[in-house]
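# Survey of secondary and tertiary structure
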Amino acid sequence: MIENAKIIESKKSDLLDIFVTEADRKGTDILAMSDFLTVSIDKTIAEIEINTTWTVYHHVEGFIGEIAAAIKSGFDISKIGILVADRSHFSQEILDGLKSGIYHVGQSKEVAGNLRPAILDSNEQLVKFFTLKKAIDPTAVLSDISSLTMQSSLHRISKQIEEIAQAVQGIINSMRCENLSNRFIYARDKIMQAALASEEDCDTLLKEADTYLLEGLGALYTDTNNQVKSLAARTGPFANIKAIDTALSYINEDMKMIPKYVGMRAYLFNYRGQTANLMRILGDYKDFLQTLAERKIDGKYTALETIHRNYPYKKTNMDFWLESPMQMIKAIDSYEILLEQKDKDIFYIDAEDHNE
């Protein structure tokens, strides 16, 4: 009985691992908090490593094409099985290099002289080592592997939003930011209470936390749509530049906050073992993005086209608002597809640092 109690307490203390920084634990500005998708990815990787038995492949001659495809897109399904790459540890430079042909998959010698799978440049010089592993029991790891693929893709796109947001003159509206952040703060308080509560009370508190997250996410979805409508109404030869910058600044804020809410809800459902609910909230996120991509405003342009037409891009990511939301949709679709592959072998591509 005492041992069971210790297991429960240990699991509940793990609940707070999602809060990494002081801002995560005590701050009131959600934009200053961690990217919770990244934290969730790291926890998923740790669970995969602890709970799964793997066979490590030291020679990859027969897998080169499939490995390259998996690293470029996150996963590959072929006759040999499912290959999933942890893309959070591959830089954008490597992904672009593989796509353009500057880099390729091969093998390189370690300091000790052993051959290892690696990303190489055109001169066969080492860019990055990686490890190819096959799951002994594919069914035990399918859900976590699929979740990792989806989260890695969403995380990469979220970071791109952070980068391109620098092109817009930020409009400071602390009241607005507080109103859109406060439900997250309320949810965090419930989560912290849950970590100290009995098992029964813990479940109740986590349900209350999810209610706050749901309300906050709904408010952000609504605000994004309203800001796009405002932006569409202010375009034209006599448009007020400050008003356009304000709308774009608010859209950036919303699109940066939304993955934090989605990431936290996904984390809590995963913690509670509720895969069906996890799938449902990802479906809601996908529907939101699909609406931005397809529904026309005043019969002219879609929401994403409206943002794209008014966005002051710098030299990079010139088509971000047309392309990246579609990549998010594809990431969620990939997660659903992977969960259906119940009878295939699973291979995991784990990247490592150059100096390892």
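Owing to the predicted nature of the structure, the values given are computational and were not obtained by experimental measurement.

### Topic: the nonpolar core
Counting residues in hydrophobic clusters, the biggest one holds 60 residues, and the most contacted among them are Leu15, Ile258, Met264, Tyr285, Ile307 and Trp321. Elements supplying a minimum of two residues to this core: helix 3 (36–51), helix 7 (174–194), helix 8 (199–233), helix 9 (241–271), helix 10 (275–294), helix 11 (303–310) and helix 12 (320–339). With 15 residues, helix 9 is the single largest residue contributor to this core. With residues up to four places along the chain from it excluded, the contact list for Ile258 reads Leu217, Leu220, Tyr221, Thr224, Tyr285 and Phe288.

### What to know about the pattern of salt bridges
The final tally for this structure, using the stated rule, is 10 salt bridges. Here Glu110 and Arg116 are joined by a salt bridge, their closest N and O atoms 2.7 Å apart. Taking the shortest distance from any N to any O, the salt bridge between Arg265 and Asp210 comes out at 2.7 Å. Linking Arg265 in helix 9 with Asp210 in helix 8, this pair joins segments that are 55 residues apart in sequence.

### Looking at the packing of helix 8 against helix 11
With their axes 10 Å apart at the nearest point, helix 8 and helix 11 run at an angle of 55° to one another. With respect to each other, helix 8 and helix 11 are oriented oblique. In terms of crossing hand, the pair formed by helix 8 and helix 11 is left-handed. Along the contact surface, helix 8 presents Val228, Leu231 and Ala232, while helix 11 presents Ala303, Thr306, Ile307 and Asn310. Of the residues assigned to the contact of helix 8 with helix 11, the class counts are five nonpolar, two polar and no charged.

Conventions used here
Residues numbered from 1 in each chain as written. Predicted model: local features only at pLDDT ≥ 70, side-chain atom pairs only at ≥ 80, totals over all residues. Heavy atoms only, no water. Core = buried A, V, L, I, M, F, W, Y, C linked by side-chain atoms within 4.5 Å. Buried < 20%, exposed > 50% of the residue type's maximum accessible area, 1.4 Å probe, protein only. Helix = DSSP H or I, 4+ residues; strand = E, 2+ residues; numbered from the N terminus. Contact = heavy atoms within 4.5 Å. Salt bridge = Lys/Arg side-chain N within 4 Å of Asp/Glu carboxyl O. Axes fitted to C-alpha atoms, helices over the stretch in contact; angles between N-to-C directions. Parallel < 35°, antiparallel > 145°, perpendicular 65-115°, else oblique. Left-handed = near helix turned anticlockwise from the far one by under 90°. Nonpolar A, V, L, I, M, F, W, Y, C, P; charged D, E, K, R; others polar.

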